[in-house]
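The chain contents come next:
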Amino acid sequence: MAVVETVLGMLPQGLRRVLLKHRELLKFAFVGGTTFIIDNAVFYGLKLTVLDTKPLIAKGIAVLVATIVSYVLNREWSFRTRGGREKQHEAALYFLVSGIAVGIYTAPLAFSRYVLDLRYPDVSLLSQELGDFFIGQVGGVLIGMLFRWWAFRKFVFPEEGVRPNKTYGTVVVQAPVVNDEIVPNGQENGNGKPRHTARKRSDEDEEHLGHS
């Protein structure tokens, strides 16, 4: 996940400060985007082959696979300094919350198919697939992510700073800032002028980048 830190390091300082302030949410969203791709790949792989007549089952399996991946990524990256529970208890709560989220994820798809009747042959195959994607996939993921973000912080990883913040060898190069230092008589640079010394830039944001 070093790509996120690399991108942040290229942004203007003001924007970087804002993003770093909300970096936990940014990481969670990045994990969500990754698992969204996994979710779609599994869902359409099943729906277009062995589970073509059972889209809800295909969706449930896709969410389960994406949930397992998201647990590993969220625990070890997005919320890696949060915790407060034994690992077994934490994992059980994570999958309980995610199990509730399965219903939330699949609700928009069920709404599209069985309330709006966007299903073939009542509508065209294209209309069915567009409904599945925009209402079922995009809508379901957004609603589910909001629920999971709140529930993970509230119940699964409730305490901040209880696990060490690991570093992965990211090195931030800091340019020296020239500082004019007036020194006592007799210690000038041989010409009576102030001596220029260099100090390192103290930038909290850069420190965060090096440890995120």
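Residues numbered from 1 in each chain as written. Predicted model: local features only at pLDDT ≥ 70, side-chain atom pairs only at ≥ 80, totals over all residues. Heavy atoms only, no water.

### Side note on the environment of Phe43
Tracing the sequence through the fold places Phe43 in helix H3 (residues 23–47). Residue Phe43 is classed as buried on the basis of its relative accessible area, which comes to 0%. Residues Phe43 and Val63, 20 residues apart in the sequence, show an inter-C-alpha distance of 8.2 Å. Sequence-distant contacts of Phe43, defined by excluding residues within four places in its chain, comprise Pro55, Ala58, Lys59, Ala62, Leu109 and Gln137. (Helix = DSSP H or I, 4+ residues; strand = E, 2+ residues; numbered from the N terminus. Buried < 20%, exposed > 50% of the residue type's maximum accessible area, 1.4 Å probe, protein only. Contact = heavy atoms within 4.5 Å.)

### Things to note about the packing of helix H4 (residues 55–78) against helix H5 (residues 87–115)
In the contact formed by H4 and H5, the axes pass within 9 Å of each other and the chain directions differ by 145°. Here H4 and H5 pass one another in a crossing that is right-handed. Its residues placed into classes, the contact of H4 with H5 shows 13 nonpolar, five polar and five charged. (Axes fitted to C-alpha atoms, helices over the stretch in contact; angles between N-to-C directions. Left-handed = near helix turned anticlockwise from the far one by under 90°. Nonpolar A, V, L, I, M, F, W, Y, C, P; charged D, E, K, R; others polar.)

### So, unusual backbone geometry
Trans peptide bonds make up the majority, and among non-glycine residues the majority have a negative phi. Backbone torsion omega between Tyr120 and Pro121 reads 10°, so that peptide bond is classified as cis. Its place among the elements puts Pro121 in the loop between H5 and helix H6 (125–156). For Asp117, which is not glycine, the phi torsion reads 60° and is therefore positive. Note on placement: Asp117 falls in the loop between H5 and H6. Judged by its relative accessible area of 32%, Asp117 is partly exposed.

### Here we look at the packing of aromatic side chains
Using the criterion set out here, one finds 17 aromatic pairs in the structure. Considering the side-chain rings of Phe133 and Phe134, the 5.1 Å spacing of their centres and the 85° angle between planes classify their relative orientation as edge-to-face. For the ring pair Phe152 and Phe157, a centre distance of 6.5 Å and an interplane angle of 75° mean the geometry is edge-to-face. Phe157 matches Phe152 in its accessibility class, with the two residues each being buried. An aromatic cluster of at least three residues, connected via ring pairs, comprises Phe28, Tyr71, Phe79, Tyr94, Phe95, Trp149, Phe152 and Phe157. Just above the ring of Phe43 sits the side chain of Lys59; from NZ or CZ to the centre is 5.6 Å. (Phe/Tyr/Trp six-rings, centres within 6.5 Å; stacked < 30°, edge-to-face > 60°. Lys NZ or Arg CZ within 6 Å of the ring centre and 35° of its normal.)

### What to know about a nonpolar patch on the surface
Nonpolar side chains collect at one region of the surface, where Ile57, Ile61 and Val65 lie side by side and expose about 220 Å² of accessible area between them. Relative to the helices and strands, Ile61 resides in helix H4. A residue is classified by how much of its surface remains accessible, and Ile61, at 36% relative accessible area, is partly exposed. (Patch = residues over 30% accessible without salt bridge, like charges linked within 9 Å, V, L, I, M, F, W, Y side chains within 5 Å. Areas by Shrake-Rupley, 256 points an atom, 1.4 Å probe, with all protein chains shown as cover. Salt bridge = Lys/Arg side-chain N within 4 Å of Asp/Glu carboxyl O.)

### Considerations on the nonpolar core
Looking at soluble globular proteins, one finds that nonpolar side chains tend to be buried together. Ranked by size, the top nonpolar core spans 17 residues in total, and within it Phe28, Phe79, Tyr94, Tyr105, Phe152, Val156 and Phe157 carry the most contacts. Counting residues per element, the ones that place at least two in this core are H4, H5 and H6. Setting aside its immediate chain neighbours within four residues, Phe157 contacts Arg75, Phe79, Arg82, Gly83, Glu90, Tyr94 and Phe152. (Core = buried A, V, L, I, M, F, W, Y, C linked by side-chain atoms within 4.5 Å.)

### Section: the side chain of Gln137
By secondary structure assignment, the location of Gln137 is in helix H6. With relative accessibility at 1%, the residue Gln137 sits in the buried group. Not counting residues up to four positions away in its chain, the partners in contact with Gln137 are Phe36, Asp39, Asn40, Phe43, Tyr44, Lys59 and Asp132.

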